[in-house]
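# Inside the fold
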Amino acid sequence: MNYTSLAGELQSLVKGTVLVNEPMKKHTTWRIGGNADLFVHPADKEDVRQAIEFARSKQMPCTVIGNGSNLLVRDGGIRGMVLKVGRGLAGISIEGTTIKAGAGAMLPELAAAARQAGIGGFEFAAGIPGSLGGAIMMNAGALNGCVADVLVSVEALNEDNQYVTFYKEDLDFSYRFSSLQDKAIICLETSWRGFPKSSETIKEETREYLSKRKLAQPQGYPTAGSVFKNPPGDYAGRLIEACACKGMRVGDAEVSQKHANWIINLGNATARDVLTLIEKIKKQVQERFNITLHLEIRVLGED
Ligand SMILES: Cc1cc2nc3c(=O)[nH]c(=O)nc-3n(C[C@H](O)[C@H](O)[C@H](O)COP(=O)(O)OP(=O)(O)OC[C@H]3O[C@@H](n4cnc5c(N)ncnc54)[C@H](O)[C@@H]3O)c2cc1C
């Protein structure tokens, strides 16, 4: 396919920006990933619908991303179109204890809006660098809460490119899982409900919680947060540390000395480095504990 001419065609249909051969490392917090053939920053939800329709008419695969904070993009990049649900869909409005927000808004922005309005329940979101769309997909959460606790509904585009609304009950949430995963569903608008709580109390609790997180997590290197899900009744980090994997390195990918379930990019790590390191960790944990670790991060693209 001639992506330059396809980009020109798509650009005439959308208000947002269409890029060709865009390095995915610019769009992942790990700073890793080959190029996307076409990359679209939609300006609003109608842009998303137009872009999807265009991709279908050209039989082009389409991948949706948010802030890229839970993604490993392989070194060969992503074929077809990547659609980033970001700043074009990031408005936030509040009525009572209900918050409505575009799926491109960030969890810390949701937490800040809730804090300012005196709405409790969103404190967990303050330290997670994901968009609301990505957070719903992953049922993102931290010690004191998760998406499933406060989400009411999400407006999305379904497989037929139609606007549909899913309610929390439809999404079958469990630990880092929602039933929307691995489906061609694109989250666009979200609705949340918390409960009245003093802004001052939220502020204090959030400050304390963020400083604890800072102490426990590696700082100063690109990462994607926890690499593996915790197995039932245990912690992936504890198992990996017990296998003496902290500091284990492949190329520029290293198991963090601070948190064994995090892999840091020392500078020029490739997806191949990270995937090789992941296999080594899994093998050690399997051999020592007979436990199979499963990935929390999502792996996209080709070698
Ligand atoms: C420093 C750091 C700390 C972290 N701490 C935590 C933590 O405490 N708890 C936690 O749960 N996670 C944590 N994470 C992981 C990550 O931030 C969350 O999983 C987050 O919810 C991912 O959101 P995202 O927008 O970055 O999604 P992405 O990484 O861009 O995508 C994740 C998945 O969601 C899909 N997706 C994204 N947006 C949409 C959309 N609009 N519609 C449909 N599908 C979409 C993608 O296709 C992909 O499958 C951390 C990551 C980092 C880097």
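What you are looking at is a predicted structure, and each value in this text was computed from that prediction instead of being measured. (Residues numbered from 1 in each chain as written. Predicted model: local features only at pLDDT ≥ 70, side-chain atom pairs only at ≥ 80, totals over all residues. Heavy atoms only, no water.)

## Structural notes on the nonpolar core
We count it as follows: To define a nonpolar core, start from buried Ala, Val, Leu, Ile, Met, Phe, Trp, Tyr and Cys residues and group those joined through side-chain atoms within 4.5 Å. Burial here depends on accessible area, computed with a 1.4 Å probe over protein chains only, as a share of the maximum for the residue type. Under 20% is buried, over 50% is exposed, and the range in between is partly exposed. Runs of H or I in DSSP of at least four residues are treated as helices and runs of E of at least two as strands, each being numbered from the N terminus. The start and end points of each domain follow an automatic or database-based domain assignment. Any pair of residues with heavy atoms lying within 4.5 Å of one another is described as a contacting pair.
Within the largest apolar cluster, 57 residues are counted, with the highest numbers of intra-cluster contacts made by Met81, Ile136 and Trp192. Tallying contributions element by element places helix H2 (residues 45-57) first for this core, with 5 residues. Residue-level mapping places this core at the junction of two domains, with at least three residues from each of domain 1 (3-84) and domain 2 (88-215). Apart from the residues within four sequence positions on either side, Ile136 is in contact with Val147, Leu151, Val154, Leu171, Phe173, Ser178, Leu180, Cys187, Thr190 and Trp192. Counting residues in hydrophobic clusters, the runner-up holds 27 residues, among them Ala236, Met248, Leu275 and Leu293.

## Here we look at the packing of aromatic side chains
The line we're drawing: A pair of aromatic rings is counted whenever rings of Phe, Tyr or Trp (Trp by its six-membered ring) have centres within 6.5 Å, and the orientation is called stacked for planes under 30 degrees apart, edge-to-face for over 60 and tilted otherwise. Note on geometry: a ring has a charge over it if NZ (lysine) or CZ (arginine) is within 6 Å of the ring centre and within 35 degrees of the ring normal.
Under the defined criterion, the tally for this structure stands at 1 aromatic pair. For the pair Phe122 and Trp192, a centre-to-centre distance of 6.4 Å together with 70° between the ring planes defines the contact as edge-to-face. In this pair, Phe122 is assigned in the loop between strand S8 (119-120) and helix H4 (132-138) and Trp192 in strand S13 (residues 186-193), connecting sequence segments 70 residues apart. For the residue pair Phe122 and Trp192, the accessibility class agrees, reading buried in each case. Sitting above the plane of the Tyr163 ring, Lys45 keeps its charged end 5.2 Å from the centroid.

## What about the sheet that holds strand S15 (residues 249-250)?
Just so we agree on the cut-off: Between any two strands, at least two bridges found by DSSP are needed for them to pair.
As summarised here, the arrangement of the 3 strands in space is S15-S16-S17, forming an open sheet in which the pairing is antiparallel. The outermost strands of the open sheet, each flanked by one partner alone, are S15 and strand S17 (263-265). Sheet analysis places strand S16 (residues 253-255) next to S17, joined by 3 bridges and oriented antiparallel. Within S17, the position partnered with Glu254 by the bridge is Ile264.

## Here we look at the domain arrangement of the protein
Selection criterion: When two parts are brought into contact, each loses some accessible area as probed by a 1.4 Å sphere; the total of that loss over both is the buried area. One side-chain nitrogen of Lys or Arg within 4 Å of one carboxyl oxygen of Asp or Glu is enough to make a salt bridge. Note that Gly is not counted as nonpolar here; it falls among the polar residues with everything else outside the nonpolar set of Ala, Val, Leu, Ile, Met, Phe, Trp, Tyr, Cys and Pro and the charged set of Asp, Glu, Lys and Arg.
Taken domain by domain, the protein comprises domain 1 (3-84), domain 2 (88-215) and domain 3 (236-300). Per-residue buried area on domain 1 facing domain 3 is highest for Trp30, Asn70 and Leu72; these three make up 51% of the total on that side. Linking domain 1 with domain 3 are 0 salt bridges, by the criterion used here. Mapped by element, the contributors of at least two residues to the side of domain 1 that touches domain 3 are strand S3 (62-65) and strand S4 (71-73). The element that contributes the greatest number of residues to the side of domain 1 that touches domain 3 is S4, accounting for 3 residues. Split into classes, the residues belonging to the side of domain 1 that touches domain 3 amount to 7 nonpolar, 2 polar and 3 charged.

## Some points on the pairing of strand S5 (residues 78-84)
Counting buried positions along S5 gives 6 out of 7 residues, so the element sits mostly inside the fold. The sheet contact formed by strand S2 (residues 35-41) and S5 spans 4 bridges and is parallel. Directly across from Val40, in S5, lies its bridge partner Leu83. Of the pairings in the sheet, the one linking S3 to S5 comprises 4 bridges and is parallel in character. Directly across from Cys62, in S5, lies its bridge partner Met81.

## Considerations on the site of the ligand
Definition in use: In this text, near means that some heavy atom of the residue lies within 4 Å of the molecule or strand in question. Under the rule applied, a polar contact is a pair of N or O atoms within 3.5 Å (in protein, one hydrogen donor and one hydrogen acceptor; residues adjacent in sequence only if both atoms are side-chain atoms). For the area figures, the Shrake-Rupley method with a 1.4 Å probe applies, and any residue is considered shielded solely by the protein chains shown.
Neighbouring the ligand are 32 residues; Val64, Gly66, Ser69, Ser131 and Gly141 lie closest to it. Interatomic distance of 2.6 Å between a backbone N/O atom of Val64 and an oxygen atom of the ligand. Here Asn67 contributes a backbone N or O atom positioned 2.8 Å from an oxygen atom of the ligand. Relative to its free-state accessible area of 970 Å², the ligand is covered by the protein chains to the extent of 91%. Looking at the shell around the ligand element by element, the count peaks at 5 residues for H4. Split by residue class, the shell around the ligand holds 15 nonpolar, 13 polar and 4 charged.

## Quick notes on the pattern of salt bridges
Evaluated as defined, the whole model comprises 22 salt bridges. Here Asp37 ties to Arg79 by a salt bridge, and the two come within 3.0 Å at their closest N and O atoms. In this pair, Asp37 is assigned in strand S2 and Arg79 in strand S5, connecting sequence segments 42 residues apart. Exposure remark for Arg79: the relative accessible area of 31% places this residue in the partly exposed category. Of the charged contacts in the structure, one is a salt bridge between Asp303 and Arg74, with a shortest N-O distance of 3.6 Å. Separated by 229 residues along the polypeptide, Asp303 in the segment after strand S18 (298-300) and Arg74 in the loop between S4 and S5 bring together distant segments of the chain. Residues joined by salt bridges that share partners form a network here, namely Lys15, Asp44 and Asp47.

## Quick word on the UniProt feature "active site" (unreviewed entry) in the protein
Formally: UniProt positions are given in the numbering used here, feature names are shortened, and annotations may be inferred rather than shown by experiment.
Under the UniProt annotation, the feature "active site" (unreviewed entry) is placed at Arg176, Ser226 and Glu296. Spanning 121 residues, the named residues nonetheless gather at one spot, since no C-alpha pair among them exceeds 11.1 Å. Given the relative accessible area of 15%, Arg176 is considered buried. Topologically, Glu296 is positioned in the loop between helix H8 (271-289) and S18.

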